[in-house]
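Listed below, chain by chain, are the residues.
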Amino acid sequence: LSSIESSGADIGIVIADVSGKGVPAAFFMAISRTVLQASAQDGGTPGACLARANAALCARNPMELFVTAFYGILDLDTGTLTYANAGHNPPLLAPQHGPVSPIPATGGVAMGVMPGLGYAENTIRLNPGDTIVLYTDGISEAMDGEGREFGEGRIEETLRSAALLPVDRVLTAVTGAVTAFVAGAPQSDDITCLVVRYFGPPADAVAS
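Not measured: the values here are computed from a predicted model. (Residues numbered from 1 in each chain as written. Predicted model: local features only at pLDDT ≥ 70, side-chain atom pairs only at ≥ 80, totals over all residues. Heavy atoms only, no water.)

Asker: Just to check I follow, could you spell out the pairing of strand β2 (residues 10-18) for this structure?
Answerer: Looking along a regular strand, one sees the side chains alternate between the two faces of the sheet. Within β2, eight of the nine residues are buried, leaving the element largely enclosed by the surrounding structure. By the bridge criterion, nine bridges tie β2 to strand β3 (residues 67-75) in an arrangement that is antiparallel. Note on β3: the bridge partner recorded for A16 is A69. (Buried < 20%, exposed > 50% of the residue type's maximum accessible area, 1.4 Å probe, protein only. Helix = DSSP H or I, 4+ residues; strand = E, 2+ residues; numbered from the N terminus. Pairing = 2+ DSSP bridges.)

Here you go:
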């Protein structure tokens, strides 16, 4: 699951990944998507949103599955990204000027595991031209025929050479690198990747 939703000068960014496979996992992801959307529409900070979603999922989780999620709110006027993480892979920040690195971690347990959990938040400031790449472990844990994982290091290496390309080509570079690495080995997990680039305040983006 990945999604971008806008409200005024703010954009909500979410990516999530459910445990397990098959029909039960698909069913639980459908529930998780509905719960996350409803929680986000209720307003509040990313941490509060994940806490509400976790409480709702714990109350309707007979199969004892869980879902990891990253949820951030980007203020388009200032470039401020406030976010919380429920056990998901930390997104990568590829600044226009500077090295590629994971954004600072906040901790946080996957949703559906235990009720009553809180989710810490953090804030970073994006500059015009900065890119954030969110992904599921279907990318980082993709395996070649010898059982070696693609790994976070290869994602960062790909972004170092591709981060300044147009957004659609950044996405293609990451997924293409995974395809080349696995070289036809069976896919063991779903692959989801979301690329977000900040162009500056809306008026500046229109003017440019």
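Asker: Mind showing me how you'd approach the side chain of S39 here?
Answerer: You can see S39 is positioned in helix α1 (residues 22-41). In this structure, S39 is in contact with C49, R52 and A53, ignoring residues within four places of it in sequence. (Contact = heavy atoms within 4.5 Å.)

Asker: What's the story with the sheet that holds strand β6 (residues 101-102) in this structure? I'm lost.
Answerer: By way of backbone hydrogen bonds, the strands of a sheet pair with one another, either parallel or antiparallel. Spatial strand order, β6-β5-β8-β9: four strands in an open sheet with antiparallel pairing. Two strands bound the open sheet, and with one partner strand each, they are β6 and β9 (193-197). As judged from the five bridges shared by strand β8 (residues 131-135) and β9, these two strands associate in the antiparallel manner. Looking at the pairing, T131 lines up with R197 of β9. Across the face of the sheet, helix α5 (residues 167-182) comes into contact with β8 and β9 while running at roughly 150° to β9. (Axes fitted to C-alpha atoms, helices over the stretch in contact; angles between N-to-C directions.)

Asker: So what exactly am I meant to see when it comes to the packing of aromatic side chains here?
Answerer: Two measures describe an aromatic ring pair: the distance that separates the ring centres and the angle between the ring planes. Here the structure, examined in full by the defined rule, presents two aromatic pairs. Relative to F181, the ring of F150 lies with its centre 5.5 Å away and its plane at 70°, an arrangement referred to as edge-to-face. Taken together, the positions of F150 in the loop between α3 (137-140) and α4 (151-162) and F181 in helix α5 put the pair 31 residues apart, joining distant regions of the chain. With relative accessibility at 15%, the residue F181 sits in the buried group. (Phe/Tyr/Trp six-rings, centres within 6.5 Å; stacked < 30°, edge-to-face > 60°.)

Asker: Even after reading the chapter, I still don't get the nonpolar core, so can you show me in this structure?
Answerer: Across soluble globular proteins, you tend to see nonpolar side chains buried next to one another. Counting residues in each nonpolar core, the largest one holds 22 residues, and the members touching the most others are L36, L50, L57, V67 and M111. Those elements that provide at least two residues to this core are β2, α1, α2 (46-58), β3 and β4 (80-86). Ranked by the residues each element gives to this core, the list is headed by α1, at six residues. Counting residues in hydrophobic clusters, the runner-up holds 19 residues, among them Y135, F181, V182 and C193. (Core = buried A, V, L, I, M, F, W, Y, C linked by side-chain atoms within 4.5 Å.)

Asker: Sorry if this is basic, but what is going on with the pattern of salt bridges here?
Answerer: For side chains bearing opposite charge, pairing can occur when the charged atoms are close. Inspection of the entire model under this criterion finds two salt bridges. Linking D144 and R148 is a salt bridge whose minimum nitrogen-to-oxygen distance equals 2.7 Å. R148 gets classed as partly exposed once you look at its relative accessible area, which sits at 46%. Between R148 and E146 there is a salt bridge, and its shortest N-O distance comes to 3.8 Å. Connected through salt bridges with shared partners, the residues D144, E146 and R148 form a single ionic network. (Salt bridge = Lys/Arg side-chain N within 4 Å of Asp/Glu carboxyl O.)

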